[in-house]
Amino acid sequence: MAIEWSAAAREFHLRNDQVSYVIRVLENGSLGHVYFGATLAEGKSYGHLVPGEFYGFSNRLGQPVPLEFPTGGTGDYRIPALTVELPDGSGAVELRYKSHRILPGKAGLPGLPSTYVDLGLEAETLEITVADHVAQIEVRLLYTIYRDRPLVVREARIVNSGPSPVIVRGAMSASLDLPDAGWEFVSLSGEWARECHVERLALRPGRQSVSSTRGASGHQHNPFVALTRPSTTEEHGEAYGFSLVYSGNFLLEAEVDSFGTTRVRAGINPDGFSWLLGPGAEFVTPEVVLVFSAGGLGELSDAYHCLFRERLASGPWRDRVRPIVINNWEATYFNFDEPKLLAIASAAHDLGIELFVLDDGWFGRRNDDTTSLGDWQVNLSKLPGGLDSLARKVEDIGMRFGIWIEPEMVSRHSDLFAQHPEWAIGIPTRPRTEGRNQYVLDMSRPEVVNHLFGVVSQILGSAPIAYVKWDMNRNITEPYSPTLPAWRQGEFMHRYILGVYSLYERLTRAFPEVLFESCAGGGGRFDPGMLAFAPQAWTSDDTDAIERLRIQWGTSLPYPLSSMSAHVSAVPNHQVGRVTPLATRAAVAFFGVFGYELDPTTLSVEERADVADQVAFYKQWRDLLQRGRFLRLRSPFEGDRDETAWMTVARDGRSAVVGHYRILSRPNPGPQRLRLRGLDPTAAYRVSTWPSAGQVAAGPAIPVVLGGDELMSAGLVLESNRASAERGDFRARLYVLEAT
Ligand code: DGJ
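(A) Up close: the overall build of the chain. Within the chain, the secondary structure is distributed over 12 helices and 38 strands. For a compact globule of 740 residues, the expected C-alpha radius of gyration is about 27 Å, and the chain comes in at 27 Å, within 12% of that figure. Taken over the C-alpha atoms alone, the chain extends approximately 80 × 70 × 45 Å along its principal axes. In the chain, which comprises 740 residues, the share counted as buried stands at 62%. For the chain, the exposed area adds up to about 25,800 Å²; of that, 52% sits on carbon and sulfur atoms. Mean positive and mean negative side-chain charge positions of the chain (72 and 88 charges, respectively) differ by 1 Å.

(B) View of the domain arrangement of the chain. Domain boundaries in the chain define domain 1 (69–302), domain 2 (316–627) and domain 3 (633–739). When each unit is reduced to the centre of its C-alpha atoms, the spacing between domain 2 and domain 3 is 34 Å. With 26 residues of domain 2 at the interface, the matching set in domain 3 holds 30 residues. Here domain 2 meets domain 3 over a buried area of about 2,300 Å², counting both sides, of which 75% is carbon and sulfur. When residues of domain 2 are sorted by the area they lose upon contact with domain 3, W553, F591 and L624 head the list and together hold 29% of the total.

(C) View of the sheet that holds strand β4 (residues 31–38). The 4 strands are arranged β1-β2-β3-β4 in an open sheet whose pairing can be described as antiparallel. Two strands in the sheet have a free side with no partner beyond their single neighbour: β1 (2–6) and β4. Along the sheet, successive strands turn relative to each other by an average axial angle of 15 degrees, direction set aside.

(D) Summary view of the site of the ligand. Near the ligand you find 13 residues, and of these D359, D360, K469, D471 and D541 are the closest. In this structure, D359 approaches the ligand through a side-chain N or O atom, which is 2.7 Å from an oxygen atom. With respect to the ligand, the backbone of G522 contributes an N or O atom lying 3.1 Å from an oxygen atom. Partitioned by chemical class, the residues of the shell around the ligand number 4 nonpolar, 3 polar and 6 charged.

(E) Layout of the packing of helix α6 (residues 446–462) against helix α7 (residues 492–510). The geometry of α6 relative to α7 is characterised by a closest axis approach of 10 Å and an angle of 30 degrees between their N-to-C directions. By the angle class used here, α6 and α7 are roughly parallel. Every pair of crossing elements has a handedness; the one defined by α6 and α7 is right-handed. Residues V449, N450, L452, F453, V456 and S457 of α6 form the contact with α7, whose own contacting residues are G499, S502, L503, R506, L507 and A510. Considering only residue class, the contact of α6 with α7 consists of 7 nonpolar, 4 polar and 1 charged.

(F) The arrangement of unusual backbone geometry in detail. Each neighbour pair has its own omega, and for V571 with P572 the value is -10 degrees, a cis peptide bond. Looking at the element boundaries, P572 is found in the loop between β29 (564–569) and α10 (582–589). Following W690, the chain continues to P691 via a peptide bond in cis, the omega torsion being 0 degrees. Following the sequence through the fold, P691 ends up in the loop between β35 (684–690) and β36 (705–707). With a phi close to 70 degrees, A193 is a non-glycine residue in the positive phi region. Checked against the element boundaries, A193 lands in the loop between β11 (184–191) and β12 (194–202).

Reading the values: rules and limits
- Residues numbered from 1 in each chain as written.
- Predicted model: local features only at pLDDT ≥ 70, side-chain atom pairs only at ≥ 80, totals over all residues.
- Heavy atoms only, no water.
- Helix = DSSP H or I, 4+ residues; strand = E, 2+ residues; numbered from the N terminus.
- Rg over C-alpha atoms; globule rule 2.2 N^0.38 Å.
- Buried < 20%, exposed > 50% of the residue type's maximum accessible area, 1.4 Å probe, protein only.
- Areas by Shrake-Rupley, 256 points an atom, 1.4 Å probe, with all protein chains shown as cover.
- Lys, Arg positive; Asp, Glu negative; His and termini not counted.
- Charge placed at Lys NZ, Arg CZ, Asp CG, Glu CD.
- Domains from an automatic or database assignment.
- Contact = heavy atoms within 4.5 Å.
- Buried area = accessible area lost by both parts, 1.4 Å probe.
- Pairing = 2+ DSSP bridges.
- Axes fitted to C-alpha atoms, helices over the stretch in contact; angles between N-to-C directions.
- Near = heavy atom within 4 Å.
- Polar contact = N/O pair within 3.5 Å; in protein donor to acceptor, adjacent residues only side chain to side chain.
- Nonpolar A, V, L, I, M, F, W, Y, C, P; charged D, E, K, R; others polar.
- Parallel < 35°, antiparallel > 145°, perpendicular 65-115°, else oblique.
- Left-handed = near helix turned anticlockwise from the far one by under 90°.

Below is the structure:
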């Protein structure tokens, strides 16, 4: 890995064995983008790749000169990276190279989550300063390249170097120009209970984007997109990934211009945003992770998985396998007392489950969702001994104890709202819109963050609490803070999320042993910003195994299995009413951070035996499932959408767990094979199936030892549903491979 600077060619080349990123100072001083893709030879100039440089950019209005951080108003009409309003009301900016530094390692971002280095030598950072002397604006562009990852991490810092305030109206983290438009735009879109469905559409002239204006990244679009060739598959072909390390309003946008080139920009959504930059002040954008893969979406995902697991997640839980939890939400909703909870914990412990999570309803007068958010005192009529007594009883049973909180919220019917109505977000002249009967607290106010830090610290210090599920169940309306002057209200949404990050940062620092799980009505804030503090997230409120195939498949494009909580729940499923076999529910949830969301005291003897078997299976393969290489094999979004297959293979290729799922049963099916990936072609694997005889019929009579070459080239022979015991909808079969 190295960052080369050629003074003669005026070129930077960030390079490792997997990718190159080349930047050139153009003749007029603009910072030109030359190349991002597979590694190029070092010590050479690539400046001739920049078209039109010889004409001088600003004399060629609208020409597609590729630029690193484009601005508007001086002849480039494509989507800009920076939009400002200068003291005279004008907005034209032309940034020119000023200086650069090459630094070992990677620094953190003030107030924002970021990827990091453990050892200085594993990455290098290039900082280029560009400036406009007329506008008196400087921009510091930061690029980090790791030694052994196919990616570049970018961010930008906008500095007002003039004597008067400037308004930043849009500041992207990165802009990337690509020389053609033969790409498809892959995004993860959906809604509550159906997050991260994969959308893939060819780029067309004009703009295509995903974004949020909700104050959270949102259920509707994840802050991740990929550009793929039409021929790109999981295994083959080019793919670029853009993943924004941010949890608030975001924009990921591609524009195909009239010359057939593509520009992608990623950053805070300029819609509704502005930031007043006083003299000398700096605005820091969140960072964006740009991955290039020539090996399809599978390789792209693996790059994100490794980075997010190893250098975004932090604290002691980064490297620990995660406990199997039982959560009482779908078992009891708000209707519980201590004996009921202890009965659930005790039955769960008997089945091998390791941690009991007390979900919503343990505080204030909260017997439904109309009241008490903000009043974080235990409800003594439900839990007479308090949290400490309950937690210790759970520990006596042999389990760890965790709780649910929703600190950013307040109910209209709460003591907190009665005391501090001004802390709830709203515009004084308008009624506040309620969502789930609650308001959002103004996290842009330091006193609110301080209050919440005190309250949550007190809870965490009051009992042996090992885990926290931090929920967030509604989006922001009437965005406004009376603490900001009128001309700074455009800062509110970003200041809100900075307040959330500050609370997370203080709590995770004060309680490093607590495992935090983020949640926003399921996957409404499943993003890299949250993963920096909470290494796992509740993937979706939809716990139906069949719905989860699509949700978990899509979520896995950027996010590792170690970040995706997945629970087995009761049937008929509470979200869709579907009845699926218990084994299928487990076989889907195994590919995530496994747990249960049901009442184990109501299980039959057979079901209890099955759950105990599932827990034992997950414990045996947990390390592989949480930290192995996840490979998607058959997509629930393609073909007849009736089948899904995926696998997790150990990094050394010595073991793997393969999941194959058939949604609807087929009459008279033909023979089928499933080609596996990531195995050692020279190894022989012992193949066994799960569930074993007893839960459903035993697996097919496949030979027990098969070669890695055969499994990858010819494929694994799948059992068909000709056998009567295999018939029926919603079937799953796991195949476990162990090298002999
Ligand atoms: C939404 C979450 O996603 C659920 O799992 C549960 O915690 C409820 N909130 C509780 O109100």
